[in-house]
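Understanding the architecture of this molecule
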Amino acid sequence: MPELPEVETVVRGLRAAGAVGARIRQVDVRWPRTLLARLGPEPLAAAFTAAALRARLAGRRRMLKPLLLDQSTVAGLGNIYVDEALWRARLHPCRQAGTLAPAETARLHAAIRKVLREAVDIGGTSLGDGRANFYSVAGRRGRHADNLRVFRRTGAPCPRCGRPVVRIVVGQRGTHLCPRCQPPPE
Ligand SMILES: [Zn+2]
């Protein structure tokens, strides 16, 4: 499942290849289900303000991680960038969304945009070497894997405080966090 930076990298590659204005003659759909029915706001759009995020989290009892992975909350966030954004915002993935203070929501909003912008700037994230992995239009691998702070860094020191990163399972998804920077909910 591509997340926003991978999609944006492909968009930029298509533009650079002169695809704007060209006629599409054939489309190869590799995943027949890509899911455009109920997409939430685009997180890098100007309309996605901290207040807009706060409105989507207000009163919600779901945990932050599954709520942010839900494409109807915000479009384009998957496992990698949710873990990275929550680490940056110093929020535990099991926090109930509706319990966030305004300052915490503002931190989360800033973290989501920063993580995505950084990843777009360096061409997205490619994890393995498999054919199913992410490659840009030019066939290049994204370099963002070198930039990940917690995702798949279990046991490595947290770049902020040095405590080893731990992996837990939240909503059936492997989840990476710093147990000191991201204290669990009471
Ligand atoms: Zn830490």
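Our subject in this report is the structure included herewith. Because the structure is a prediction, the values reported are computed rather than measured.

Below, the discussion takes up the pairing of strand β2 (residues 173-177). Direction of pairing for strand β1 (residues 166-170) relative to β2: antiparallel, over a ladder of 5 bridges. Bridge pairing in β2 links V170 to R173. Following β1, the chain reverses through 2 residues before pairing antiparallel with β2; G171 in that reversal takes a positive phi of roughly 55°.

Secondary-structure assignment places V170 in strand β1. Once the C-alpha coordinates of V170 and K65 are considered, the two residues, 105 residues apart in sequence, prove to be 7.2 Å apart. Look past the residues within four positions of V170 in its chain and what remains in contact with it is M63, K65, P66, P93, C94 and T175.

With that settled, the discussion passes to unusual backbone geometry. Of all residues except glycine, most have a negative phi; of all peptide bonds, most are trans. In this structure, R152 takes a positive phi of about 55° despite not being glycine. Relative to the helices and strands, R152 resides in the loop between α5 (102-121) and β1. We note that Q172 has phi near 70°; this positive angle belongs to a residue other than glycine. You can see Q172 is positioned in the loop between β1 and β2.

Our next topic: the environment of E118. Relative to the assigned elements, E118 resides in helix α5. Taking the number of C-beta atoms within 10 Å as the measure of exposure, E118 has 14 and is therefore partly exposed. The sequence separation of E118 and N147 amounts to 29 residues, and the corresponding C-alpha distance is 8.8 Å.

What follows deals with the environment of A106. When you line up the elements, A106 lands in helix α5. Each C-alpha atom, one on A106 and one on A50, is 5.4 Å from the other, the two residues being 56 residues apart in sequence.

Here we take up the nonpolar core. L77, Y81, A85, L86, L116, V150 and C178 are the most contacted members of the largest nonpolar core, which totals 33 residues. Elements supplying a minimum of two residues to this core: α2 (50-57), α3 (64-69), α4 (79-89) and α5. With residues up to four places along the chain from it excluded, the contact list for L86 reads L64, K65, L91, P93, L177 and Q182.

Rules used throughout
Residues numbered from 1 in each chain as written. Predicted model: local features only at pLDDT ≥ 70, side-chain atom pairs only at ≥ 80, totals over all residues. Pairing = 2+ DSSP bridges. Helix = DSSP H or I, 4+ residues; strand = E, 2+ residues; numbered from the N terminus. Contact = placed C-beta atoms within 7 Å. Buried ≥ 20, exposed ≤ 12 C-beta atoms within 10 Å, placed from the backbone. Core = buried A, V, L, I, M, F, W, Y, C linked by C-beta atoms within 7 Å.

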